Amino acid sequence: MSESATFVTRHADLAAVLNQYRWEYYVLDAPTVPDADFDALMREIETIEGEHPELVSPSSPTQQVGPPADMTFTPVTHPSPMMSLDNAFSYVEVEAWHVRAASLVGESALNESGYICELKIDGLACDLVYIDGVLSRAATRGDGRVGEDVTANVRTIGAIPYKLRGAPAGMVEIRGEVFMPLAGFEALNEALIDEGKKEFANPRNAAAGSLRLKDPKVTATRPLSFLCHGLGVVEAHSGKHESGNSPIHSLSDAYAQMKSWGLPTSDHAVKVHSLAEVFAYIDRLSEERNTLSHEIDGAVVKVDDIALQERLGATVRAPRWAIAYKFPPVEVTTKLLDIRVGVGRTGRVTPYAVMTPVRVAGSTVEQATLHNASEVRRKGVLIGDTVILRKAGDVIPEVLGPVLADRTGDERAFVMPTHCPECGTELAPEKEGDADLRCPNRRSCPAQLKERLIHLSSRAGLDIEGLGAKAVDAIVEAGLVLDEGDIFGLTADKLVACPLFTKAEKTGPVLSKIGEKLLEQLEVAKTRPFDRFLVALSIRHIGKGVSPVIAAHYPSIQTLEAASQEELSAIEGVGPVLAEAIVEWFRVDWHRAIVDKWQAAGAMQVFASDAVDLPQTLAGLTVVVTGSVPGYTRDGANEAVVARGGKATGSVSKNTSVVVAGDGAGSKLDKAVSLGVPVLDSSRFEDFLEQGLALVES
């Protein structure tokens with residue numbers, strides 16, 4: 001075969017594959033390859049067309065924004081084309097884009113204009129059309145010219161206003177991204193699994209699938225959100241790109257105008273004036289991406305000045321005045337070497353994948369969760385498969401499914417064990433119908449005990465730094481503790497029997513500095529506040545968020561044990577499920593023995609706590625603390641609110657009484673202002689604790 005025939009054939013093959021992948025991604029909402037694989041193929045076809053421009057045609061994937069609109073929804077033509085963005089995968093490519101733009105309009109013009117740097121949200125592009133300030137139509141991007149009418153579904157999204165504040169008469173076209181926050185995505189998948197339905201592979205698929213449901217009532221139950229990223233046609237009485245007395249000459253102006261209309265814009269969009277600042281923004285975003293409430297797959301850089309945008313123009317599919325910098329992939333493929341099971345703190349036995357190590361989202365991954373045996377079957381993965389792996393932020397990596405085309409026939413099915421791999425106890429579901437199997441040997445199973453001890457020593461618990469995984473393994477394997485009740489009974493004589501905590505002397509082994517430090521930390525841990533002990537006890541559903549609430553009502557273990565399920569359920573933030581878990585915990589003999597052992601060792605005593613005697617100045621108030629508070633950690637500030645009788649929450653709503661805002665306060669402060677919630681500077685936090693709402697109202 002000639003060289004010419006080779007690249008022509010390769011180009012045709014790539015075009016067919018890419019068009020199929022694009023259809024699966026945009027229309028079916030069921031991608032079969034990771035984004036990184038798609039991007040690699042797209043770059044290959046772009047390279048071929050760059051060397052052989054005669055192969056470029058209107059049907060080439062490089063000339064298309066997306067596939068034609070599906071016929072499930074009514075097709076609609078956008079007032080102005082919704083273009084895609086060219087991608088950059090390195091700073092060299094971003095600099096090349098900058099050089100090309102400068103060659104067209106001049107370096108000084110670009111620097112004078114500046115750039116808007118913003119998040120590249122991993123969602124679904126959507127076009128909103130408002131007529132006389134009222135939402136008239138919403139559509140997906142489709143092929144960039146024609147999309148699908150999803151108005152009824154978009155009207156169920158709380159972040160999108162039905163009517164704009166002070167919008168001009170005429171038409172306003174808003175561009176933005178529909179997405180699903182991570183917390184909502186995880187909750188949705190858990191609910192789908194409980195219902196025996198297929199979960200979504202990632203938040204982007206969940207958002208796209210939810211937006212394209214035929215029944216808006218179902219869409220209304222999905223946790224969708226929206227952020228604006230552009231302004232299209234504005235045909236008001238004052239003319240295109242103007243609104244009343246606020247001319248729109250830049251993207252910055254457009255964002256300010258959209259925000260004034262009540263539309264959601266990102267707090268992470270910033271204006272910079274040099275390429276060095278662009279790179280600094282991307283560096284910072286790369287470090288902070290795992291702390292965001294939603295997924296992003298990169299950053300977008302746009303020329304700010306609209307007149308300059310118009311001078312730069314666009315190619316067939318993308319504007320020349322913007323570039324998308326894509327982060328390294330968070331979905332990759334690797335080899336599934338084995339499926340093993342682990343035993344957790346509550347006895348839950350969970351299959352996990354052991355894989356050929358692979359780099360994903362900035363870290364090397366070789367293990368990933370598989371949830372339970374039914375999930376392994378549902379995902380259809382076999383030991384020996386090539387699998388697609390996903391890692392979002394700090395979430396435990398997850399196997400999405402197999403690459404069926406790579407199977408050789410040598411793969412084998414996973415068989416769930418019938419007995420605990422750690423203690424040999426027969427596994428069983430906790431109650432009939434549960435998908436999870438558990439080891440019922442709660443007290444003595446070494447795996448469960450180790451996990452409970454690690455949980456006990458965590459920062460949310462008793463914060464015992466010297467009691468990490470290595471120390472816990474050594475203590476349990478040496479038989480120094482039978483359950484966590486024995487932890488405060490550790491002595492120098494006992495630790496000397498464990499090699500990890502000893503050093504060799506002529507007279508024999510003696511306690512090392514590691515051992516001495518552990519004993520010192522255990523003494524300090526005995527005096528932790530009662531709410532921290534509540535976390536340390538591993539009572540189901542009690543974490544650092546609710547433990548201060550419980551401790552505020554029941555300041556000792558004895559008063560908590562005496563509480564009835566009805567009394568506990570009546571506490572705001574507790575509810576019947578947690579109340580039942582607390583009552584059930586105290587019904588177990590060895591649980592109560594833990595309490596006795598700890599108190600006999602001088603831990604979890606009823607101290608003269610300041611919290612018990614403090615005036616309840618914040619009783620009945622719901623308080624949100626955002627940003628830094630002088631003299632307090634975030635947890636400490638929340639604990640101070642609870643100690644004064646208030647409720648400390650993490651989100652602002654119309655029911656919030658006060659927002660305490662310090663340096664670094666972001667979207668929560670903006671939301672408080674928009675809702676008219678009183679805001680108090682963090683420098684006055686101590687006064688607020690003393691005076692309560694009277695300080696805010698004065």
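As shown above, the structure is provided for reference.
Colleague: Please clarify how the overall build of the protein should be interpreted in this entry.
Modeller: For the protein, the helix and strand inventory stands at 27 helices and 25 strands. The C-alpha atoms of the protein give a radius of gyration of 29 Å, which matches the 26 Å a tight globule of 698 residues would have. Projected onto its principal axes, the C-alpha positions of the protein cover 85 × 75 × 55 Å. Within the span of the protein, comprising 698 residues, buried residues form 49% of the whole. Taking all contacts inside the protein whose residues are at least 6 apart in sequence as the whole, residues at least 24 apart take part in 66%. Only carbon and sulfur atoms are counted for the fraction: they give 52% of the accessible area of the protein, which is about 32,700 Å². Separation between the mean location of the 69 positive side-chain charges and that of the 95 negative ones in the protein comes to 2 Å.

Colleague: Is there a simple way to explain the environment of leucine 578 in this structure?
Modeller: Tracing the sequence through the fold places leucine 578 in helix H21 (residues 575-586). Looking at leucine 578, the relative accessible area reads 6%, which means it is buried. Between the C-alpha atoms of leucine 578 and glutamine 565, which are 13 residues apart in sequence, the distance is 9.1 Å.

Colleague: When you look at helix H22 (residues 589-600) in this model, what are you seeing that I'm missing?
Modeller: Think of an α-helix as 3.6 residues a turn; residues three or four steps apart then line up on the same face. For H22, spanning 12 residues, the distance from its first C-alpha to its last is 16 Å, which sits close to the expected 16 Å at 1.5 Å a residue. Taken together, the buried positions of H22 are occupied by Trp590, His591, Ile594, Val595 and Trp598. An end-on view of H22 places all buried positions within 160° of arc, on one side of the element. In H22, the exposed positions angled more than 90 degrees off the buried face are occupied by Asp589, Asp596 and Ala600. Looking at the buried residues of H22, the elements they touch are helix H13 (446-456), helix H17 (530-536), helix H19 (557-562) and H21.

Colleague: Teacher, can you tell me more about helix H16 (residues 513-525) here?
Modeller: End to end, H16 covers 18 Å across 13 residues, agreeing with the expected 18 Å (1.5 Å per residue, within 8%). Looking only at H16, the buried set comprises Gly515, Leu518, Leu519, Gln521, Leu522 and Ala525. Taken end-on, H16 shows its buried residues confined to a sector of 165°, consistent with a single buried face. The exposed residues of H16 that point more than 90 degrees off its buried face are Lys513 and Glu520. Among the structural elements, helix H14 (469-477), helix H15 (492-495), strand S21 (508-511) and H17 are those in contact with the buried residues of H16.

Colleague: What is the right way to read the packing of H13 against H14 from this model?
Modeller: Each pair of packed helices can be summarised by the angle the axes make with each other and by the distance between the axes. Running from N to C, H13 and H14 point in directions that differ by 135°, and their axes come no closer than 10 Å. The orientation of H13 with respect to H14, classified from their angle, is oblique. The handedness of the crossing between H13 and H14 is right-handed. Contacts between H13 and H14 involve Pro446, Leu449, Lys450, Leu453 and Ile454 on the former and, on the latter, Ala469, Val472, Asp473, Val476 and Glu477.

Colleague: So what exactly am I meant to see when it comes to the nonpolar core here?
Modeller: Side chains of nonpolar character tend, in soluble globular proteins, to be buried together. Core analysis: the biggest nonpolar cluster contains 54 residues, and Ile487 and Trp598 have the highest contact counts within it. Broken down by secondary-structure element, the contributors of at least two residues to this core are H13, H14, H16, H17, helix H18 (547-553), H19, H21 and H22. Here isoleucine 487 is in contact with Leu453, Leu456, Leu467, Val481, Leu522 and Trp598, once residues within four sequence places are set aside. With 37 residues, the next largest nonpolar core counts Tyr130, Met180, Leu211 and Trp261 among its residues.

Colleague: How do you make sense of the packing of aromatic side chains when you look at a structure like this?
Modeller: Centre-to-centre distance and the angle between the planes together describe a pair of aromatic rings. With the rule as written, the count across this model stands at seven aromatic pairs. Aromatic side chains phenylalanine 488 and tryptophan 598 sit 5.7 Å apart centroid to centroid with 80° between the ring planes, which places their arrangement in the edge-to-face category. Of the two residues, phenylalanine 488 is situated in the loop between H14 and H15 and tryptophan 598 in helix H22; the sequence distance between them amounts to 110 residues. Comparing phenylalanine 488 with tryptophan 598, the two get one shared label, buried. In textbook terms, an aromatic cluster arises when at least three aromatic residues are bridged by ring pairs, as seen for Tyr91, Phe279, Tyr325 and Phe327.

Colleague: Would you mind going over the sheet that holds strand S2 (residues 87-88) with me for this structure?
Modeller: One open sheet accounts for five strands, arranged S2-S13-S12-S3-S11; its pairing is mixed. The open sheet has two free edges, formed respectively by S2 and strand S11 (270-272), since each of these has just one partner strand. Packed onto the sheet, helix H9 (residues 251-260) meets strand S3 (115-121), S11 and strand S12 (296-303) and runs at close to 55° relative to S3.

Colleague: Explanation requested: the sheet that holds strand S24 (residues 658-661) in the structure shown.
Modeller: Sheets are built from strands that pair by backbone hydrogen bonding, the pairs being arranged parallel or antiparallel. Judged by pairing direction, the sheet is parallel, and its four strands sit side by side in the order S23-S22-S24-S25 without closing on themselves. A strand with exactly one partner marks an edge of an open sheet, and here the two such strands are strand S23 (647-649) and strand S25 (679-681). Taken pair by pair, the neighbouring strands of this sheet meet at an average axis angle of 30°, ignoring direction. Relative to S24, strand S22 (residues 622-626) is paired through four bridges, and the arrangement is parallel. Paired with valine 625 across the strands is valine 660, a residue of S24.

Scoring rules and cut-offs
Residues numbered from 1 in each chain as written. Predicted model: local features only at pLDDT ≥ 70, side-chain atom pairs only at ≥ 80, totals over all residues. Heavy atoms only, no water. Helix = DSSP H or I, 4+ residues; strand = E, 2+ residues; numbered from the N terminus. Rg over C-alpha atoms; globule rule 2.2 N^0.38 Å. Buried < 20%, exposed > 50% of the residue type's maximum accessible area, 1.4 Å probe, protein only. Contact = heavy atoms within 4.5 Å. Areas by Shrake-Rupley, 256 points an atom, 1.4 Å probe, with all protein chains shown as cover. Lys, Arg positive; Asp, Glu negative; His and termini not counted. Charge placed at Lys NZ, Arg CZ, Asp CG, Glu CD. Expected span 1.5 Å × (residues − 1). Arc of directions from axis to C-beta. Axes fitted to C-alpha atoms, helices over the stretch in contact; angles between N-to-C directions. Parallel < 35°, antiparallel > 145°, perpendicular 65-115°, else oblique. Left-handed = near helix turned anticlockwise from the far one by under 90°. Core = buried A, V, L, I, M, F, W, Y, C linked by side-chain atoms within 4.5 Å. Phe/Tyr/Trp six-rings, centres within 6.5 Å; stacked < 30°, edge-to-face > 60°. Pairing = 2+ DSSP bridges.

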